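Structural overview
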Amino acid sequence: MRRSMLFLPGNTPNMIIHGDSLGADAIILDLEDAVAPDEKDAARILVRNALQYQDFGRCETIVRINGLDTSEWQLDLQTLCPLQPDFIMPPKVGSAEDILKIDHYLSQLETQLHLPPNAVGLIALLETALGIENAFAIASASSRVKALFLGGEDLTADLHCQRTAKGEEIRYARSRLVCAARAAGIDAYDTPFTDVNDDEGIWEDAQFARSLGFTGKAAISPRHVKAINQVFSPSEKEIAYAYEIMEVIQAAKEQGRGAVSLRGKMIDAPIVERAKQTIAMAQALQEIGGSNYV
Amino acid sequence: MGQIVKKATAGTMESSDAYIEISPGEEGEGLDIQLESVVYHQFGQAIRKVAEEVLQEFSIERAKVRIVDRGALDCVLRARMETAIRRGIEEE
Amino acid sequence: MSKVVASLQEAIRLCGLKDGMSISFHHHLRNGDYVLNMVMDEVSKLGIGELTINASSLFDVHLPLITHIQNRTVTKLCTDYVSAGIGRWISQGILQEPVEFRTHGGRPSDMLLGRTPVDIAFLAVPTSDTMGNCTGKVGKSACGSLGYAFPDAMCAKKVVVITDNLVDYPLQNWSIPETYVDYVVPVEAIGNPAGIVSGTTQITRDPVGLVMADLAAQVIRYSGLLKDGFSFQTGAGGASLAAAKFLKEIMVKEKIQGSFGLGGITGYLVEMLQAGCFQTLLDVQCFDLKAVESLRTNPRHQEISSIHYASPTAKSAVVDNLDVVILGATEIDVDFNVNVHTDSSGYLMGGSGGHSDTAAGAKLAMVIAPIVRARMPIVTDHVMCVSTPGRDIDVLVTEKGIAINPAQKQLKQRLSDAGLPVMDIAQLKQMAEKVTGIPRKVPRGDRVVANVIYRDGSLLDRVYNIP
């Protein structure tokens with residue numbers, strides 16, 4: 001379950017050590033934009049130690065490494081892969097070749113570190129016009145790529161347009177990214193809502209993202225986590241419907257019927273698959289006490 | 001044996017962080033660790049021990065270290081020590 | 001007729017100040033106060049000594065007091081709160097006689113009962129007329145409520161009003177009437193407005209604070225107390241304010257019409273009043289300009305004295321009708337005793353204020369604190385100083401979960417049923433120690449530097465010097 005992903009600056013101990021307390025399903029420990037160029041070494045070591053010594057509980061850990069156009073990314077991977085964060089997030093992925101470059105390096109690293117092949121999964125951050133246009137190629141470039149992630153800030157700069165609260169300017173990129181990710185059978189995550197003080201805007205923005213098909217959404221402020229969690233949790237109605245589908249399927253199976261319908265609507269394999277996902281998520285939520293805040 | 005060749009710093013004075021200053025130290029002397037901490041009474045010994053351990057990992061036997069601790073957890077303290085040492089042993 | 005006296009020195013002389021007397025001050029000008037220092041300088045020039053100062057709180061702006069203590073102009077302090085700079089000196093043992101710490105309700109109670117007689121009260125007031133009708137609501141140094149000054153005005157043998165806004169008689173909208181006042185002294189400035197009230201008090205930006213605040217609001221929501229007629233007090237700390245903000249959202253959404261907001265009032269409580277969350281605000285002290293403005297203009301925002309606020313010996317006080325209070329803590333122990341007097345090294349840096357008064361009165365007394373603050377676990381086996389006894393604390397809210405006083409079985413059930421992360425307080429202690437390590441005990445001297453006097457006048461605990 002990865003509804004919310006919270007960015008935490010990689011060189012700020014006070015944020016990192018509390019990472020698991022902020023309500024996010026995953027935290028993104030950022031070595032890239034949130035870290036000053038002359039503190040890259042410090043952040044890398046701090047994040048490594050945090051992964052080694054801190055217990056982040058049920059909170060997944062993702063490390064955003066430095067870009068392929070820097071001299072840092074290999075060092076980032078060397079230092080952090082041994083600690084096996086849940087995912088590595090490479091920024092500014094523009095093409096399948098970028099993925100293959102990382103893939104090649106990771107394969108060598110996995111051999112060196114005696115990790116199983118493809119142990120390190122990637123969430124590709126697409127934040128350039130080129131990246132969006134190559135979204136499907138990137139999503140399907142390697143089995144390591146587990147999700148696409150939209151970065152709206154850098155993208156709007158690249159598009160020569162203003163980033164707005166309403167987000168009309170990234171509507172195409174959002175749809176394109178979701179479509180590419182789904183076509184490749186992987187998840188899609190939405191860009192953070194950037195106005196930290198707009199407590200209403202985050203709800204609308206998250207609801208819109210969910211309506212487009214995104215799996216979850218990132219946040220740059222802990223204040224947005226709760227709204228994202230609530231928006232991306234299945235509603236009671238959705239859960240009830242999912243159970244109903246599973247019952248109808250079960251009954252049909254017992255009676256040896258092939259075609260199944262519920263209230264006049266055909267229930268096909270993708271609908272069953274979604275119902276299963278909804279139920280799995282509902283159960284996971286129940287395990288954490290249905291809580292959106294701890 | 002590791003050698004601190006120049007003065008280096010790491011970390012910040014923010015809460016839950018530690019600020020470290022490391023320098024080569026005088027010829028013929030060993031480790032000189034100065035510690036200031038908001039939890040000096042409660043964790044002073046533990047902090048000193050961590051600092052010594054990290055210095056040992058880099059086989060540094062001679063250095064002057066100043067630690068200003070703002071309530072950093074061990075893993076943070078280790079990270080800041082390591083960063084300062086790595087910066088200090090690097091030749092220009 | 002006029003009570004105006006040309007100088008402070010003249011007023012002191014007219015009051016007949018002598019060695020060994022007790023003089024009092026209020027703290028409405030907070031860290032912007034000039035008056036305490038101004039009075040003490042004059043007293044010191046007159047060569048009078050061995051005085052007791054009874055001040056509702058002392059701030060670091062009052063550090064010159066240390067010199068007066070060293071010169072034995074002052075030999076005893078009674079107060080409800082000290083900030084860290086003054087506290088450090090006390091902890092180092094600057095006074096031979098222990099400081100007497102009372103609560104905001106205990107101080108007026110003891111004054112009215114004659115347990116702490118005051119010879120002269122020096123009252124800084126932002127506006128006064130020539131006969132001493134005075135208020136904090138207007139004037140260049142406006143501080144809003146003068147709640148803590150009332151018992152001083154009522155009990156002191158002589159009362160001197162000191163103002164930087166002298167107006168014609170009669171001032172219409174007075175707080176303290178002329179009936180109590182002996183002399184009025186006009187001065188250039190009673191304080192620095194920047195230190196008197198904050199421009200705005202801000203909710204926390206600290207992410208952990210926001211998580212705690214959210215959880216605190218949920219605890220209130222499911223406590224069974226959040227319904228029409230609800231009453232509430234919260235401090236001016238960032239996380240408490242955030243809790244008030246989240247609570248407001250819940251109250252507005254669920255259309256709950258509360259009765260009153262109490263205490264030190266901030267802009268956030270004013271917003272709750274304006275949004276219809278409360279019928280009235282009862283204000284013993286204003287923390288920011290928005291609160292001052294509201295007290296001045298909104299008749300539903302009412303000034304109250306500290307007696308009315310929290311005195312345990314008044315025929316009744318507002319705290320006795322309070323539903324929920326949100327409180328802070330520097331330490332809380334596994335028996336829910338709370339320390340707000342010392343820091344984790346044992347140095348004085350606070351005081352009860354209204355902590356134990358509201359905890360005793362409120363139906364739900366909630367402490368919010370992170371499980372670890374600068375490597376110190378918040379939950380300990382024994383607090384270094386008991387400021388508020390554990391029997392009066394119902395819930396501890398941390399970012400990792402909430403612990404409920406075992407005496408509150410029904411509350412525990414309600415919160416568990418609501419899916420909130422209820423844990424044992426010892427569990428929270430273990431979680432914290434797992435990340436921090438176990439702190440060593442801090443060394444403590446054997447001299448008592450302060451006595452913590454509970455609101456009923458009994459001795460609650462002692463604070464020792466730090467060697």
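The shown structure was predicted, so the numbers you read here are calculated from the model rather than taken from an experiment.

**Some details on the overall build of chain C**
- When you go through chain C residue by residue, the secondary structure sums to 15 helices and 26 strands.
- What you see for chain C is a C-alpha radius of gyration of 22 Å, in line with the 23 Å of a compact globule of 467 residues.
- For chain C, the spread of C-alpha atoms along the three principal axes comes to 70 × 55 × 40 Å.
- Within chain C, buried positions represent 64% of all 467 residues.
- Taking all contacts inside chain C whose residues are at least 6 apart in sequence as the whole, residues at least 24 apart take part in 72%.
- Treating the 42 positive side-chain charges of chain C as one cloud and the 46 negative ones as another, the clouds have centres 4 Å apart.

**Focus: the overall build of chain A**
- Looking only at helices and strands, chain A has 12 helices and 10 strands in total.
- Its C-alpha radius of gyration of 20 Å places chain A within 12% of the 19 Å reference for a compact globule of 294 residues.
- Each principal axis of the C-alpha distribution contributes one length, and for chain A these read about 65 × 45 × 40 Å.
- Buried positions account for 54% of the 294 residues belonging to chain A.
- The average position of the 28 basic charges and that of the 41 acidic charges among the side chains of chain A differ by 6 Å.

**What to know about the domain arrangement of chain A**
- Entries for chain A in the domain assignment read domain 1 (4-231) and domain 2 (236-287).
- Distance between the C-alpha centres of domain 1 of chain A and domain 2 of chain A: 32 Å.

**Side note on a nonpolar patch on the surface**
All names here are of chain C.
- Taken together, the side chains of Leu112, Met154 and Tyr180 present a nonpolar region at the surface, about 240 Å² in accessible area.
- Here Tyr180 shows up in the loop between strand E9 (166-167) and strand E10 (183-186).
- Residue Tyr180 is classed as partly exposed on the basis of its relative accessible area, which comes to 31%.

**Some remarks on the interface of chain A and chain C**
- The partner chain C presents 17 residues to the 16 residues of chain A that form the contact.
- Interface of chain A and chain C: buried area, both sides summed, is about 1,400 Å²; carbon and sulfur atoms make up 55% of it.
- On inspection of chain A and its partner chain C, the count reaches 4 salt bridges.
- Put simply, A:Asp199 and C:Lys245 hold a salt bridge, and the shortest N to O gap is 2.8 Å.
- Joining chain A to chain C, the criterion identifies 4 residue pairs in polar contact (both at pLDDT 80 or more).
- When grouped by side-chain class, the residues that make up the side of chain A that touches chain C number 5 nonpolar, 6 polar and 5 charged.

**Overview of the pairing of strand E11 (residues 231-234) of chain C**
Residues and elements named next belong to chain C.
- Side chains Ser231 and Gln233 project from E11 onto one buried face, and the interleaved Phe232 and Thr234 project onto a second face that is buried too.
- As paired elements, E11 and strand E12 (residues 260-265) share 3 bridges and run parallel to each other. Looking at the pairing, Gln233 lines up with Leu262 of E12.

**Concerning helix H12 (residues 269-287) of chain A**
Residue and element names in this part refer to chain A.
- A rise of 1.5 Å per residue sets the reference length of H12, with its 19 residues, at 27 Å; its end C-alpha atoms lie 27 Å apart and thus fit the reference within 8%.
- Buried residues of H12: Ile271, Val272, Ala275, Thr278, Ile279, Ala282 and Leu285, and no others. The buried side chains of H12 occupy one side of the element, clustering within an arc of 145° when seen end-on. Turned more than 90 degrees off the buried face of H12, the exposed positions are Ala269, Pro270 and Glu287.
- Elements in contact with the buried residues of H12: helix H11 (236-255) and strand E10 (265-266).

**Quick word on the interface of chain B and chain A**
- Facing 13 residues of chain B, the contacting portion of chain A comprises 14 residues.
- Taking both sides of the interface into account, the surface hidden between chain B and chain A amounts to around 1,200 Å²; carbon and sulfur atoms contribute 56%.
- Among the residues chain B hides against chain A, the three largest losses belong to B:Cys75, B:Arg80 and B:Arg87. Together they make up 38% of the total.
- Taken together, the connections running from chain B to chain A amount to 3 salt bridges.
- The closest approach of N and O atoms between B:Arg87 and A:Asp41, which form a salt bridge, is 2.7 Å.
- If you look at where chain B meets chain A, you find 7 residue pairs in polar contact (both at pLDDT 80 or more).
- For the side of chain B that touches chain A, the per-class residue count stands at 4 nonpolar, 3 polar and 6 charged.

**Quick look at the environment of C:Ser305**
All names here are of chain C.
- By the secondary structure assignment, Ser305 is in the loop between strand E14 (301-303) and helix H12 (306-310).
- Classification of Ser305 as buried rests on a relative accessible area of 12%.
- Ser305 sits 197 residues away from Pro108 along the chain, and the two C-alpha atoms are 9.3 Å apart.
- Setting aside residues no more than four positions away along its own chain, Ser305 makes contact with Gly147, Phe150 and Val284.

**Considering the sheet that holds strand E4 (residues 99-101) of chain C**
Residues and elements named next belong to chain C.
- With mixed pairing, the 9 strands of this open sheet are ordered in space as E10-E8-E5-E1-E2-E3-E4-E25-E26. Edge positions in the open sheet fall to E10 and strand E26 (459-464), since each of these has one partner strand only. Averaged over all adjacent pairs, the angle separating strand axes in this sheet is 20°, with direction ignored.
- Examined bridge by bridge, E4 and strand E25 (residues 448-453) share 3 bridges and lie parallel to one another. Bridged to Glu100 within E25 is Asn451.
- Against the sheet, helix H2 (residues 35-45) contacts strand E1 (22-25), strand E2 (51-55), strand E3 (74-79), strand E5 (120-125) and strand E8 (158-163), and its axis sits at roughly 155° relative to E1.

**Some points on the environment of C:Val422**
Residue and element names in this part refer to chain C.
- Along the polypeptide, Val422 turns up in strand E24 (residues 422-423).
- On the basis of relative accessible area, Val422 is assigned to the partly exposed category, the value being 23%.
- Separated by 20 residues in the primary sequence, Val422 and Ile402 have C-alpha atoms spaced 5.0 Å apart.
- Apart from the residues within four sequence positions on either side, Val422 is in contact with Ile402, Ile404, Lys412, Leu415 and Ser416.

**Quick word on the pattern of salt bridges**
- Taken as a whole and assessed by the stated rule, the structure comprises 58 salt bridges over all chains.
- Here B:Glu53 and B:Lys49 are joined by a salt bridge, their closest N and O atoms 3.6 Å apart. With B:Glu53 and B:Lys49 both in helix H1 (residues 40-57) and 4 residues apart, the pair spans about one turn of that helix.
- The class of B:Lys49 is exposed, set by a relative accessible area of 53%.
- Between C:Glu254 and C:Arg221 there is a salt bridge, with the nearest N and O atoms lying 2.9 Å from each other. Here C:Glu254, found in the loop between helix H9 (238-253) and E12, pairs with C:Arg221, found in helix H8 (residues 207-222); they are 33 residues apart in sequence, far enough to count as distant.
- Judged by its relative accessible area of 41%, C:Glu254 is partly exposed.
- Among the charged side chains, a salt-bridge network with shared partners connects A:Asp30, A:Glu32, A:Asp33, A:Arg64, A:Lys92 and A:Asp154.

**Thoughts on the pairing of strand E1 (residues 8-11) of chain B**
Residues and elements named next belong to chain B.
- Summarising the sheet, E1 and strand E2 (residues 18-23) pair through 4 bridges and their orientation is antiparallel. If you follow Ala8 over to E2, its bridge partner there is Ile22.
- What sits between the antiparallel neighbours E1 and E2 is a turn of 6 residues, in which Ser16 has the positive phi angle 70°.

Conventions used here
Residues numbered from 1 in each chain as written. Chains lettered and ligands numbered in written order. Predicted model: local features only at pLDDT ≥ 70, side-chain atom pairs only at ≥ 80, totals over all residues. Heavy atoms only, no water. Helix = DSSP H or I, 4+ residues; strand = E, 2+ residues; numbered from the N terminus. Rg over C-alpha atoms; globule rule 2.2 N^0.38 Å. Buried < 20%, exposed > 50% of the residue type's maximum accessible area, 1.4 Å probe, protein only. Contact = heavy atoms within 4.5 Å. Lys, Arg positive; Asp, Glu negative; His and termini not counted. Charge placed at Lys NZ, Arg CZ, Asp CG, Glu CD. Domains from an automatic or database assignment. Patch = residues over 30% accessible without salt bridge, like charges linked within 9 Å, V, L, I, M, F, W, Y side chains within 5 Å. Areas by Shrake-Rupley, 256 points an atom, 1.4 Å probe, with all protein chains shown as cover. Salt bridge = Lys/Arg side-chain N within 4 Å of Asp/Glu carboxyl O. Buried area = accessible area lost by both parts, 1.4 Å probe. Polar contact = N/O pair within 3.5 Å; in protein donor to acceptor, adjacent residues only side chain to side chain. Nonpolar A, V, L, I, M, F, W, Y, C, P; charged D, E, K, R; others polar. Pairing = 2+ DSSP bridges. Expected span 1.5 Å × (residues − 1). Arc of directions from axis to C-beta. Axes fitted to C-alpha atoms, helices over the stretch in contact; angles between N-to-C directions.

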